[in-house]
Amino acid sequence: MKSTQLFQRSILATAAVLAFAAHAGEVEVLHYWTSGGEAKSAAALKATLQAKGHVWKDFAVAGGGGDNAMTVLKSRVVSGNAPAAAQIKGPALQEWAGEGVLANIDDVAKAEKWDSLLPPVVANVMKYKGNYIAAPVNVHRVNWLWASNAAFKKAGAKVPTNWDEFFVAAEALKKAGIIPVAHGGQNWQDFTTFESVALGVGGADFYKQALVQLDQGALTGATMTKVLDTFKKVKSYTDKNAPGRDWNLATAMVIKGEAGMQLMGDWAKGEFVAAGKKPGADFTCAAAPGTAKSFTFNVDSFAMFKLKNEANSQAQKDLATAIMSTDFQEVFNLNKGSIPVRLNMNLAKFDDCAKLSANDFVATAKNGGLVPSVAHGMAIGSATSGAIQDAVSQFWNDDKMSSKDAQAKIASAAKVK
Ligand code: GAL
């Protein structure tokens, strides 16, 4: 090849690289995915963005459930140093959008036809005054029970379907010298267990009345007393080292068979998968006792903050596009333990727990059993849910407090605005 041709070709190649570099932007992403399965999922998102030629600037804030991350985010935004994208969910998206700090990503949503790809219950949460301001990554189910097959075999116990069976299994595990319930004593984890007990004891309609509509009659009624009695009984089967324990360390106890069961959302499955464990063979996923006909949904999403830099705004839009792509929806959710939020995804690579979750998500949307997770910020304002969460934890941690006293505290916490 003549030298002039070689020279021209190298010019073109350099131009292409420069154009690519010129196009490249940076997206700083604030999130709280630091456990084994969570970190693998965040890495999938990072790889997806980098494949588009952009830089992922990681800003991970440790602390399951995200309370720490939201505190850090608030201080960054107040000091005028917002990240480009942040893991914000549910009604909190409306609260942030109301502050005028979130970018409108309607152009991406329209180009990618999100309205036809998302369940309306999800699309509505991602919008502020009709405009998309966040991209959803998944649908987590929160009302799960995770059981160690080895522990249940050793105890000769049966995976429970209702609370009576739950306590029979707990007694058998205890007798076999196994910690019946793996729990992490942190407010959000106590609240996660509480909402599954409320759903299992009271049913979906009671759950909606009490924890979504915050109806004082439901909050102060006999069903809530029964919920709190059951909740406190669950506590009696946890171990003395539970206070302060991170959720994924509780999951690790079930993975190792040191504990028999954990009540937790299916991000726990991300830990089993990251540890090479298989549903059916090593562990069992079952609806939390009494909740098989219900589904507490928790949708993770990334809100996009207003940016001045054009290249970074483009990178932000490319991140939003990537998040809803079929490839990302598959690889992320296989690692995360959740199911794709995008409709009509091929679930061939997903395991039986995910397939059960996907079927139940559709079935409960029809039978009225689909309810927003209150513990994970899907239903009520963050001030109110924070106050209820604290009242619930106070009861969990105070063995002298009666269910009636706790009920009064929760009912008044529900009035916090
Ligand atoms: C939830 C979040 C999940 C999961 C969990 C534990 O609030 O939506 O993605 O990571 O916290 O950190």
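Below or above, wherever it landed, is the structure these notes cover. Only a predicted model underlies this, so the values are computations on that prediction, with no experimental measurement involved.

With that out of the way, let us pick up the site of the ligand. In the neighbourhood of the ligand, 14 residues make up the surrounding shell, with Glu38, Lys89, Asn298, Asp300 and Lys336 lying closest. Contact between the ligand and Lys336: an oxygen atom at 2.8 Å from a side-chain N or O atom of the residue. At a separation of 2.9 Å, an oxygen atom of the ligand approaches a polar side-chain atom of His376. Computed on the free molecule, the ligand has an accessible area of 300 Å², of which 100% lies beneath the protein chains in the complex. Residue composition of the shell around the ligand, grouped by class: 5 nonpolar, 5 polar and 4 charged.

This brings us to the packing of aromatic side chains. Going through the model one piece at a time under the given rule, you end up with 18 aromatic pairs. A centroid spacing of 5.7 Å and a plane angle of 75° characterise the contact between Trp33 and Phe302, whose relative ring orientation is edge-to-face. Pair noted here: Trp33 is in the loop between strand E1 (26-31) and helix H2 (36-50) and Phe302 is in strand E13 (residues 301-304), with a separation of 269 residues, a long-range link. Residue classification places Phe302 among the buried residues on the basis of a relative accessible area of 1%. The ring centre of Phe59 lies 4.6 Å from the NZ or CZ of Arg76, which sits over that ring. Taking NZ or CZ as reference, Lys232 lies 4.0 Å from the ring centre of Phe395, over its face.

As a further point, take the side chain of Lys89. Inspection of the secondary structure assignment puts Lys89 in the loop between strand E3 (85-87) and helix H4 (91-98). Asp300 provides the closest opposite charge to the buried, unpaired Lys89, separated from it by 4.3 Å. Here the side chain of Lys89 touches Asn298 through a polar contact of 2.9 Å, side chain to side chain. In this structure Lys89 touches Tyr32, Asn298, Val299, Asp300, Ser301, His376, Gly377 and Met378, once residues within four positions along its chain are discounted.

Attention now goes to the environment of Gly368. Topologically, Gly368 is positioned in the loop between helix H18 (352-367) and strand E14 (370-372). Measuring from C-alpha to C-alpha, the distance between Gly368 and Ala204 comes to 7.4 Å, with 164 residues separating the pair along the chain. Here Gly368 is in contact with Ala204 and Lys208, once residues within four sequence places are set aside.

So, about the nonpolar core. The biggest cluster of nonpolar side chains holds 61 residues, and the ones touching the most others in it are Leu73, Ile88, Trp114, Met304, Leu319 and Ile323. Once residues within four sequence positions are removed from consideration, Ile88 is found in contact with Met70, Leu73, Leu93, Trp96, Ser301, Ala303 and Phe305. Judged by nonpolar contacts, the second largest core, of 52 residues, contains Ala169, Leu214, Leu263 and Ala411.

Two quantities define a packed helix pair, namely the angle between the axes and the distance from one axis to the other. For the pair helix H14 (residues 247-255) and helix H15 (residues 267-274), the least separation of the axes is 10 Å and the interaxial angle reads 55°. Between H14 and H15, the crossing angle belongs to the class labelled oblique. Every pair of crossing elements has a handedness; the one defined by H14 and H15 is right-handed. Note on element contacts: H15 touches H14 through Trp267, Ala268, Glu271 and Phe272, opposite Trp247, Asn248, Thr251, Val254 and Ile255. In the contact of H14 with H15, the residues fall into 6 nonpolar, 2 polar and 1 charged.

One side chain can pair with another of opposite charge once the charged atoms of both are near each other. In this structure the tally under the stated criterion is 12 salt bridges. For the salt bridge of Lys127 with Asp115, the shortest nitrogen-to-oxygen distance reads 3.0 Å. One end of the pair, Lys127, is in strand E4 (residues 127-128); the other, Asp115, is in helix H6 (residues 114-117), with 12 residues separating them in the sequence. Here Arg141 makes a salt bridge to Asp360, at a shortest N to O gap of 2.8 Å. Taken together, the residues Arg141 in strand E7 (residues 140-141) and Asp360 in helix H18 connect sequence positions 219 residues apart. You'll find Arg141 and Asp360 in the same group, each marked buried.

Thresholds, definitions, all that
Residues numbered from 1 in each chain as written. Predicted model: local features only at pLDDT ≥ 70, side-chain atom pairs only at ≥ 80, totals over all residues. Heavy atoms only, no water. Near = heavy atom within 4 Å. Polar contact = N/O pair within 3.5 Å; in protein donor to acceptor, adjacent residues only side chain to side chain. Areas by Shrake-Rupley, 256 points an atom, 1.4 Å probe, with all protein chains shown as cover. Nonpolar A, V, L, I, M, F, W, Y, C, P; charged D, E, K, R; others polar. Phe/Tyr/Trp six-rings, centres within 6.5 Å; stacked < 30°, edge-to-face > 60°. Helix = DSSP H or I, 4+ residues; strand = E, 2+ residues; numbered from the N terminus. Buried < 20%, exposed > 50% of the residue type's maximum accessible area, 1.4 Å probe, protein only. Lys NZ or Arg CZ within 6 Å of the ring centre and 35° of its normal. Lys, Arg positive; Asp, Glu negative; His and termini not counted. Salt bridge = Lys/Arg side-chain N within 4 Å of Asp/Glu carboxyl O. Contact = heavy atoms within 4.5 Å. Core = buried A, V, L, I, M, F, W, Y, C linked by side-chain atoms within 4.5 Å. Axes fitted to C-alpha atoms, helices over the stretch in contact; angles between N-to-C directions. Parallel < 35°, antiparallel > 145°, perpendicular 65-115°, else oblique. Left-handed = near helix turned anticlockwise from the far one by under 90°.

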